[in-house]
Amino acid sequence: MVNGIQIAIDGPAGAGKSTVAKMAAEKLGFTYIDTGAMYRALTHKALTDHIDINDEDAMKRLLLHTDIHLLPSAKGQAVLLDGEDVSEAIRTQEVTKAVSAVAAHPSVRLLMVDKQRQLANNKGVVMDGRDIGTDVLPHAQLKIFLTASVEERALRRFKENDGRGIHTSLEQLQADISERDRADSERKASPLRQAEDAILVDSTSMTIGDVVEKIRELAEERMVR
Ligand code: DC
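Residues numbered from 1 in each chain as written. Predicted model: local features only at pLDDT ≥ 70, side-chain atom pairs only at ≥ 80, totals over all residues. Heavy atoms only, no water.

Q: Go over the overall build of the protein with me, naming the residues and quoting the values.
A: The helix and strand inventory of the protein stands at nine helices and eight strands. Its C-alpha atoms give the protein a radius of gyration of 17 Å, near enough to 17 Å, the size a compact globule of 225 residues would have. Taking all 225 residues of the protein together, the buried fraction comes to 46%. Sequence-distant contacts, at least 24 apart, represent 74% of the contacts inside the protein between residues at least 6 apart. As displayed, the protein offers around 11,500 Å² of accessible surface, 50% of which is attributable to carbon and sulfur atoms. Separation of charge centres in the protein, based on 30 positive and 36 negative side chains, amounts to 2 Å. (Helix = DSSP H or I, 4+ residues; strand = E, 2+ residues; numbered from the N terminus. Rg over C-alpha atoms; globule rule 2.2 N^0.38 Å. Buried < 20%, exposed > 50% of the residue type's maximum accessible area, 1.4 Å probe, protein only. Contact = heavy atoms within 4.5 Å. Areas by Shrake-Rupley, 256 points an atom, 1.4 Å probe, with all protein chains shown as cover. Lys, Arg positive; Asp, Glu negative; His and termini not counted. Charge placed at Lys NZ, Arg CZ, Asp CG, Glu CD.)

This is the structure we're talking about:
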């Protein structure tokens, strides 16, 4: 690959993966690919069309008839679902609560992974998700496992919500995050785990800027090799 390397960023919910991945991609001039947004888009469509998210066959059929596009935008990335911009709609509590069940279906994952590999083909990419280093891009030149304590992740989400005028209880956020960690780590199909060759970055006491800088340095090292 002449123009860049593949960077995989995995980790639990709320560790700051997408913010960091977006900024690192911008600094390096790479394409950012938010794989969680793809699972969210499918989940949003199922909820809108009243499809049972626990019915694996129905979800696979739905995905086969669904067009998901990720486009660069001023905010980092726009998500187009069958041509419609759903960038905001896929972030609701309803979608967030339902998406783990959708992402647990092996046949849905197979199709998604295939699509994600095509998106990463032959260019510099920063891709974030749960299984990027372990499954989607096993040969990525740089793999980061980004984590932070449950308390810190809940606090970050609390502040983010507060800034948007949404008032939530910190205890509830901690409970939700712990539950998503459990669902994503314990599922049978590609559970969340750190790849053997991934670098662990604990962002609990790091700023976003610190994490982005660390990733940029590691990427530059790998590019000159
Ligand atoms: O990162 P996120 O919160 O947008 O992810 C949404 C859900 O999708 C989350 O429950 C984990 C799942 N996911 C996954 O299983 N594999 C990925 N590569 C990305 C996300």
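Q: Let's hear about the nonpolar core: which residues, and what values?
A: Where a protein is soluble and globular, its nonpolar side chains tend to be buried together. With 32 residues, the main nonpolar core has Leu42, Met59, Val108, Met112 and Leu137 as its most contacted residues. The set of elements that each furnish at least two residues to this core consists of helix H2 (35-48), helix H3 (56-64), strand S3 (68-71), strand S4 (78-81), helix H4 (93-103), helix H5 (106-120), strand S6 (125-129) and helix H6 (132-136). Take this core: its biggest share by element is six residues, from H2. In this structure, Met59 is in contact with Leu42, Ala46, Ile51, Asp52, Ile53, Val102, His105 and Val108, ignoring residues within four places of it in sequence. (Core = buried A, V, L, I, M, F, W, Y, C linked by side-chain atoms within 4.5 Å.)

Q: I'd like to hear about the pairing of strand S1 (residues 6-10), residue by residue, with values.
A: With five of five residues buried, S1 is to be regarded as a mostly interior element. Going residue by residue along S1, you find Gln6, Ala8 and Asp10 tucked away on one face and Ile7 and Ile9 tucked away on the opposite face as well. The pairing of S1 with S6 spans five bridges and is classified as parallel. Along S6, the bridge assignment pairs Ile9 with Asp128. Sheet topology places S1 next to strand S7 (residues 142-147); four bridges connect them, and they run parallel. Bridging across to S7, Ile7 finds its partner in Leu142. (Pairing = 2+ DSSP bridges.)

Q: I'd love a proper account of the layout of surface pockets, names of residues and values included.
A: Summary: where empty space remains is shown by rolling a probe the size of a single water molecule over the atoms. Of the voids in this model, the second largest pocket is the one considered here, and its volume is about 320 Å³. What lines the second largest pocket is a set of 19 residues, and nearest its centre among them are Thr31, Tyr32, Leu71, Pro72 and Gln77. Looking at the lining of the second largest pocket, the elements with two or more residues in it are helix H1 (17-28), strand S2 (31-34), S3 and H5. In terms of residues, the lining of the second largest pocket owes the most to one element, S3, which gives four residues. Here the residues of the lining of the second largest pocket are counted per class, giving 10 nonpolar, five polar and four charged. (1 Å grid on protein atoms, 1.4 Å probe; cavity = no way out; pocket = protein on both sides within 12 Å on 5 of 7 lines; lining within 4 Å. Points joined across faces, edges and corners; volume = space filled by probe spheres on them. Nonpolar A, V, L, I, M, F, W, Y, C, P; charged D, E, K, R; others polar.)

Q: Give me the lowdown on helix H7 (residues 150-163), citing residues and values where you can.
A: Look at H7: 20 Å from first C-alpha to last across 14 residues, which is about the 20 Å you get at 1.5 Å a residue. Among all positions in H7, only Arg153, Ala154 and Asn161 are buried. Across the axial projection of H7, the buried residues extend over an arc of 95°, all falling on one side. Exposed and oriented more than 90 degrees from the buried face of H7 are Lys159 and Gly163. Gly165, located one to two residues past H7, shows a positive phi value of around 80°. (Expected span 1.5 Å × (residues − 1). Arc of directions from axis to C-beta.)

Q: If you had to explain the site of the ligand to someone new, which residues and values would you point to?
A: In the neighbourhood of the ligand, 16 residues make up the surrounding shell, with Thr35, Arg40, Arg109, Asp131 and Arg187 lying closest. Between the ligand and Arg40 there is a distance of 2.7 Å, counted from an oxygen atom to a side-chain nitrogen or oxygen. Residue Arg109 places a side-chain N or O atom 2.8 Å away from an oxygen atom belonging to the ligand. Contact with the protein chains covers 94% of the free accessible surface of the ligand, which is 450 Å². At the level of secondary structure, the elements contributing two or more residues to the shell around the ligand comprise H2, H4 and helix H8 (170-186). (Near = heavy atom within 4 Å. Polar contact = N/O pair within 3.5 Å; in protein donor to acceptor, adjacent residues only side chain to side chain.)

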